[in-house]
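Architecture at a glance
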Amino acid sequence: MVDPGRCPGVVFDVDPEHELADRVGMAMVRLNKMHAQVTHQMAKQGMDKSAFVLLATLSGLGECRSSALAEAVLSDPSTISRQVAALVKDGLVERRADPADGRASVLAVTEAGRELIMTRRRQRNEAIEQVFADWADGDFKGFADLFERFVQDYERVIPALLTYRGTGPRAEGED
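Scope of this entry: the structure provided in the associated data block. Not measured: the values here are computed from a predicted model. (Residues numbered from 1 in each chain as written. Predicted model: local features only at pLDDT ≥ 70, side-chain atom pairs only at ≥ 80, totals over all residues. Heavy atoms only, no water.)

**Some words on the nonpolar core**
As a rule of thumb, nonpolar side chains are buried together in soluble globular proteins. By size, the foremost hydrophobic cluster in this structure holds 19 residues, and its most contacted members are Met-47, Phe-52, Leu-55, Leu-58 and Leu-69. For this core, the elements supplying multiple residues, two or more each, are α2 (49-61), α3 (66-72), α4 (77-89), β2 (101-109) and α5 (111-131). Looking at this core, the element that brings in the most residues is α2, giving 5 residues. Not counting residues within four places of it along the chain, the set of residues in contact with Leu-58 comprises Cys-64, Leu-69, Val-93, Leu-107, Ala-108 and Val-109. (Core = buried A, V, L, I, M, F, W, Y, C linked by side-chain atoms within 4.5 Å. Buried < 20%, exposed > 50% of the residue type's maximum accessible area, 1.4 Å probe, protein only. Helix = DSSP H or I, 4+ residues; strand = E, 2+ residues; numbered from the N terminus. Contact = heavy atoms within 4.5 Å.)

**Details of the packing of aromatic side chains**
Two descriptors summarise a pair of aromatic rings, namely the distance from one centre to the other and the angle between the planes of the rings. Counted under the stated rule, the structure contains 7 aromatic pairs. Between the aromatic rings of Phe-132 and Phe-140, the centroid separation amounts to 4.2 Å while the plane-to-plane angle is 10°, which identifies the pairing as stacked. For Phe-132, a relative accessible area of 10% translates into the label buried. Measuring from centroid to centroid gives 5.4 Å for Phe-132 and Phe-143, while their planes differ by 45°, and the two rings are tilted. Remark: Phe-143 occurs in helix α6 (residues 137-164) and Phe-132 occurs in the loop between α5 and α6; sequence separation between them is 11 residues. One aromatic cluster is present, built from ring pairs that chain together Phe-132, Trp-135, Phe-140, Phe-143, Phe-147, Phe-150 and Tyr-154. (Phe/Tyr/Trp six-rings, centres within 6.5 Å; stacked < 30°, edge-to-face > 60°.)

**Observations regarding the pattern of salt bridges**
A full pass over the atoms with the stated rule returns 9 salt bridges. A salt bridge links Glu-63 to Arg-96, with the shortest nitrogen-to-oxygen separation between them at 2.5 Å. Of this pair, Glu-63 sits in the loop between α2 and α3 while Arg-96 is found in strand β1 (residues 93-98), placing the two residues 33 residues apart along the sequence. Overall, Arg-96 belongs to the partly exposed group, its relative accessible area being 33%. A salt bridge links Glu-126 to Arg-122; its shortest N-O distance comes to 3.6 Å. A residue pair is termed a helical-turn pair when its members lie 3 or 4 positions apart in one helix, as Glu-126 and Arg-122 do in helix α5 at 4 residues. (Salt bridge = Lys/Arg side-chain N within 4 Å of Asp/Glu carboxyl O.)

**Quick word on the environment of Ala-97**
Within the secondary structure, Ala-97 sits in strand β1. For Ala-97, a relative accessible area of 56% corresponds to the exposed category. Each C-alpha atom, one on Ala-97 and one on Arg-65, is 10.0 Å from the other, the two residues being 32 residues apart in sequence. Beyond its immediate chain neighbours, meaning those up to four positions away, Ala-97 contacts Gly-102, Ala-104, Ser-105 and Val-106.

**Some thoughts on α5**
Residues that lie three or four places apart on an α-helix share one face, since the helix turns once every 3.6 residues. For α5, with 21 residues, the first-to-last C-alpha span of 30 Å sits near the 30 Å given by 1.5 Å per residue. Listing the buried residues of α5 in full gives Gly-113, Leu-116, Ile-117 and Arg-120. Looking straight down α5, one finds that the buried residues subtend no more than 100° of arc, so they occupy a single side. Exposed residues lying more than 90 degrees from the buried face of α5 are Met-118 and Gln-130. Where α5 is buried, its residues contact α1 (19-44), α2 and β2. (Expected span 1.5 Å × (residues − 1). Arc of directions from axis to C-beta.)

Structure below.
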């Protein structure tokens, strides 16, 4: 069987010192490919992945300005503005007067938006539980604990690495 994370016929020599990192990285490639398929199916059902990420992030943040939402998802404010406009049009997000400055507005998830998030979260959880159906409870819990730890460290390290290498969101204009 061909490893779906690798290109058939192409041999990659991995330094034994980096073998474990390569295994994790290639598993992430495979996971990302599967995630792309799920994203494609979501788009067919009318929900763009980036729009859903914004909706879920806004739900977690609570009422906030568009600039704060853009910062939270490490995106450009103009991109966020276009995506938020679509969410407002779909009735999933609403604009409200900013209590701190009535001239500005804040974004808030509507009841329809909260219902969509809850429905998608339930569907996601049911799918994940199917993946782990044959795992012992302790193995499932252990994986969840280690995976949360991995993601936390990944979130901490990667943005700084991207900025250091000049490919991150704040790299523009830096010397």
